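# What the coordinates show
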Amino acid sequence: MLKNSQIRIYSLVLIIVLFISLIGILIKLEYEDLHRLEFAAMESHFKDQVLETKRSSELLKLFVNDINGLSRNQVLDTYFSNLDLGMSEKYGLKYSRFQIKKEFSEFLKLQEVDGTPFYRQIVLIDEKGNEIVSSVHPLADSTDIYSPEFSEIRTRVLKVGKLHGFMQEYSYSILYCNPIIYKGQYRGKILTFINNPAFFPDKHMSASNITTILLLPGFEESNYKEGIHLRYSLKEFPPLDSFKTNKFKKVTVKTIYGSIIEVVVSRINVEGTDFEILNICPIKYIYRNQEKLYYTITIIVLSLIIIIGAVLVERFHLKNSNLKVQLQTRAEQNASIRRKNEEMQAEIAKRKLIEEELSESRIKAEYLANESEQANRSKSLFLANMSHDIRTPMNSIIGFTDILLETIKDEQNNEFLRHIKSSADYLLNIINDVLDISKIESGSQDVSRDIINTKEFFLNVDNLFIASAEEKGLRFQGKLNDDLPEFFISDSQKLKQVLVNLLNNAIKFTHNGAVVYHVSCANNVMDISVSDTGIGIPKEFHSDVFEPFKQVKGQNHSIYGGTGLGLAITKRLVDLMRGEITFSTEVGVGTTFYIELPIDIPDSVNIEKEDEQSEITVSVVKPLHILIAEDNHINQRLIGFLIGSAQHTFDIVPNGLEALKKLKMKHYDLLLLDIQMPVMDGYETLKRIRGDKDLKDLYVIALTAQAMSGDKENLIEQGANDYVSKPINKFKLLESINHFASRRL
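Since we're looking at a predicted model, the values are computed, not measured.

Calculation notes
Residues numbered from 1 in each chain as written. Predicted model: local features only at pLDDT ≥ 70, side-chain atom pairs only at ≥ 80, totals over all residues. Heavy atoms only, no water. Helix = DSSP H or I, 4+ residues; strand = E, 2+ residues; numbered from the N terminus. Buried < 20%, exposed > 50% of the residue type's maximum accessible area, 1.4 Å probe, protein only. Contact = heavy atoms within 4.5 Å. Areas by Shrake-Rupley, 256 points an atom, 1.4 Å probe, with all protein chains shown as cover. Pairing = 2+ DSSP bridges. Patch = residues over 30% accessible without salt bridge, like charges linked within 9 Å, V, L, I, M, F, W, Y side chains within 5 Å. Salt bridge = Lys/Arg side-chain N within 4 Å of Asp/Glu carboxyl O. Lys, Arg positive; Asp, Glu negative; His and termini not counted. Charge placed at Lys NZ, Arg CZ, Asp CG, Glu CD. Core = buried A, V, L, I, M, F, W, Y, C linked by side-chain atoms within 4.5 Å. pLDDT = per-residue confidence, 0-100. Axes fitted to C-alpha atoms, helices over the stretch in contact; angles between N-to-C directions.

Our focus in this paragraph is the overall build of the chain. Within the chain, the secondary structure is distributed over 16 helices and 24 strands. Counting across all 745 residues of the chain, residues that qualify as buried make up 42%. Taking contacts inside the chain between residues at least 6 apart in sequence as the whole, the part at least 24 apart equals 63%. Looking at the chain as shown, the accessible area adds up to about 42,400 Å², and 53% of this sits on carbon and sulfur atoms.

Here's what the structure looks like:
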């Protein structure tokens, strides 16, 4: 039988064992619960990292699109085009580089995230790795970091040192390289250095509790280890391959101080790129203030065990409450991140829409430019053909009318012929006006720089109008100020046409009184006023004065005539010469037109005296044997009559091919060559004549009904010795022939 004391001892041992077992079970259950909570916290942390990675992926995509767009910029195309054209730094290339640097600087200023510069530096290098242009953001947190060794790198995280006093600090940049393809060839790269804080402004690449590392293609494991920064420097860390993409893992690592810490490592792929983000965070900063519980269970004092059990239960509930608060806070943070992500996506969608609209606008602008260019070419071709087709019959009408006026002596018939001649001249003036306004509007007129003798120029203008003014009983006067230079530089032909148009109008619309023009000069600006005492212009028509084909309503067309083009041409000619024209008028009192025209004054002028023997009459010139190449039968007879009247002999052929045959068979002193002919035109005929060793010195006078700007220069360049336009003026044609004959004396 057991004694009572033994029974008590056994009972106490049993109770202690039961309590120890119970506490052991409770501790086991608590540990399992804590492990579940710990896993949930790590899983929540991983989800947060995925959300942050999505935000980073949108920024990376936006960044890649921005750089791709920058590499296809029009300014870069202009630079490489100038480079291919062989432009030097002095002429064109330096300006193109300045434009690129300006474009880069504007691009840097526009790219910011929460006040932080998105890009630190942009560098343009050529295909050999030589730097062309570099631009640094003024708010970047480091100095220029570009080095020639980066020219062979695609993408890398760079560790950049920055010295502050005796302290060396480091920051990180992402180097992204985008190749430039111009006209199908590789021409260099754009290197972009991105501030890492722009991706992770709170905790990226800094010595903090949580470290985020951007893993790039070809990232070496040694660099990856060097990039890790925790509160403790790590001595041993598992290899990168041990962490699976888009997963998280808890590992134990050792610091250089010998301590062991647990960290959670997540490796997440950035959508749409070949980048990955490695996130390393100590367990204690995910599952706050949670340490592994080690309890010393004593079976000596039951009361102590009970107290310890109560304390454990209380701590469990407290930590459970803290974890709920943390999870609630994390949920709110997630909601905030989602809102920001939605705002970012909306901004990205907006920018994409703007880019699409800009792209459509560029395509539309290019289409309109091509359409405009095609329209101008069609217009120029139409004007050339119209000029030829209208002037060819006008040549016959005016030419034969002039011949009849010289031969018919009957007064009445002569009067009829003068009416025909007047009407033909009037029609020719209308044609010239239409062609002039069309040439100006199509941009086919250039401004020349002629050295003009002031007195001679305005004396010639006076001689054109003195007779017509006297015929109407008007006083005509030109006043030249003493401040006018002896010579000035301007386009003499256009200036003369402006004055002729204004003075013609003044005389036409003035029935009594005077027409006066006044010229002065100050500060290289010539001031010209043309005044009359004519009918004036009603106020309601002031806005239409310089519009083409606009005339005062109710104006008697049978008295004044005209097409309404004179002042329109005048305004456009003044604009071409960089001048300004205005007017003042009063009905029944008169009108004054004012012109301000910028001019240049030459330093010195060499005046060549005209050759007194340059004008040689037909009578002292030996008759010539001339070949006429003209396809129009009426014009053949007209030109033949004009040549024959000057005692010259001639043959006629209908095209350039027949002309070449004649020139091979027979000697001719000169060739009158029409430009537009069937079978072979004048240009091809000229080309073959100048390429033939037997005919290359033949004197050729070109005849053409075209009157477009540059026709004469083009014909002379093609090989013509002289140029006579249709309708052919008898005296101009014979003057050109006499000029050739005088060279043979």
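Next comes the rest of the write-up.
Strand E12 (residues 276–282) sits mainly inside the fold: seven of its seven residues count as buried. Here strand E11 (residues 260–269) pairs with E12 via seven bridges, running antiparallel. Residue Ser 266 lies in a different strand from E12, and its bridge partner there is Asn 279.

What follows is about a negative patch on the surface. A cluster of acidic residues, Glu 355, Glu 356, Glu 357 and Glu 360, forms a negative patch on the protein surface. Since its relative accessible area comes to 43%, Glu 357 is described here as partly exposed.

The next thing to look at is the nonpolar core. Leu 503, Met 526 and Ile 595 are the most contacted members of the largest nonpolar core, which has 39 residues in total. Taken together, the elements giving at least two residues each to this core come down to helix H8 (454–471), helix H9 (492–508), strand E16 (514–522), strand E17 (525–532), helix H11 (566–576) and strand E19 (590–598). The biggest single contributor to this core is H9, with eight residues. Residues contacting Met 526, with those up to four places away along its chain left out, are Phe 458, Leu 484, Phe 488, Val 519, Ser 520, Cys 521, Ile 595, Glu 596, Leu 597 and Ile 599. Ranked by size, the runner-up nonpolar core spans 30 residues in total, among them Tyr 79, Ile 122, Leu 124 and Val 270.

Take the environment of Thr 245 next. Within the secondary structure layout, Thr 245 lies in the loop between strand E9 (234–236) and strand E10 (247–255). A relative accessible area of 35% means that Thr 245 is categorised as partly exposed. Spatially, the C-alpha atom of Thr 245 lies 5.0 Å from that of Arg 267, the residues being 22 residues apart in sequence. When residues no more than four places from it in sequence are discounted, the contact partners of Thr 245 are Arg 267, Asn 269 and Glu 276.

With that settled, consider the confidence of the model for the chain. With 70% of its residues at a pLDDT of 70 or more, the chain has an overall mean of 76. Ignoring residues within four places in sequence, the model shows residues 289–300, a span with pLDDT below 50, making 28 contacts including any to other chains. Counting contacts from residues 607–620, a segment whose pLDDT is below 50, to residues more than four positions away or on other chains yields eight contacts.

A few words now on the pattern of salt bridges. Overall, the coordinates contain eight salt bridges when judged by the stated rule. Between Lys 494 and Asp 491 there is a salt bridge, with its nearest N and O atoms 3.1 Å apart. Asp 575 is paired through a salt bridge with Lys 571; the nearest N and O atoms lie 2.9 Å apart. With Asp 575 and Lys 571 both in helix H11 and four residues apart, the pair spans about one turn of that helix. Using a relative accessible area of 38% as the deciding quantity, one classes Asp 575 as partly exposed.

In this section: the sheet that holds E17. Read across the sheet, five strands follow the order E14-E16-E17-E19-E18 without closing on themselves; strand pairing throughout is mixed. Across the chains shown, the open sheet's two edge strands, defined by having one partner strand only, are strand E14 (475–480) and strand E18 (580–586). Each neighbouring strand pair of the sheet contributes to a mean axis angle of 10°, computed without reference to strand direction. Here E17 pairs with E19 via eight bridges, running antiparallel. Counted as the bridge partner of Asp 532 is Thr 591 from E19.

Attention now goes to unusual backbone geometry. Phi angles above zero are rare outside glycine, and Asn 246 is one such case at about 65°. Structurally, Asn 246 is set in the loop between E9 and E10.

Read across the sheet, five strands follow the order E21-E20-E22-E23-E24 without closing on themselves; strand pairing throughout is parallel. The open sheet has two edge strands with one neighbour each: strand E21 (649–653) and strand E24 (722–725). Looking at each pair of strands side by side, their axes are set apart by 20° on average, direction ignored. Sheet topology places strand E20 (residues 625–629) next to strand E22 (residues 670–674); four bridges connect them, and they run parallel. Along E22, the bridge assignment pairs Ala 629 with Leu 673.

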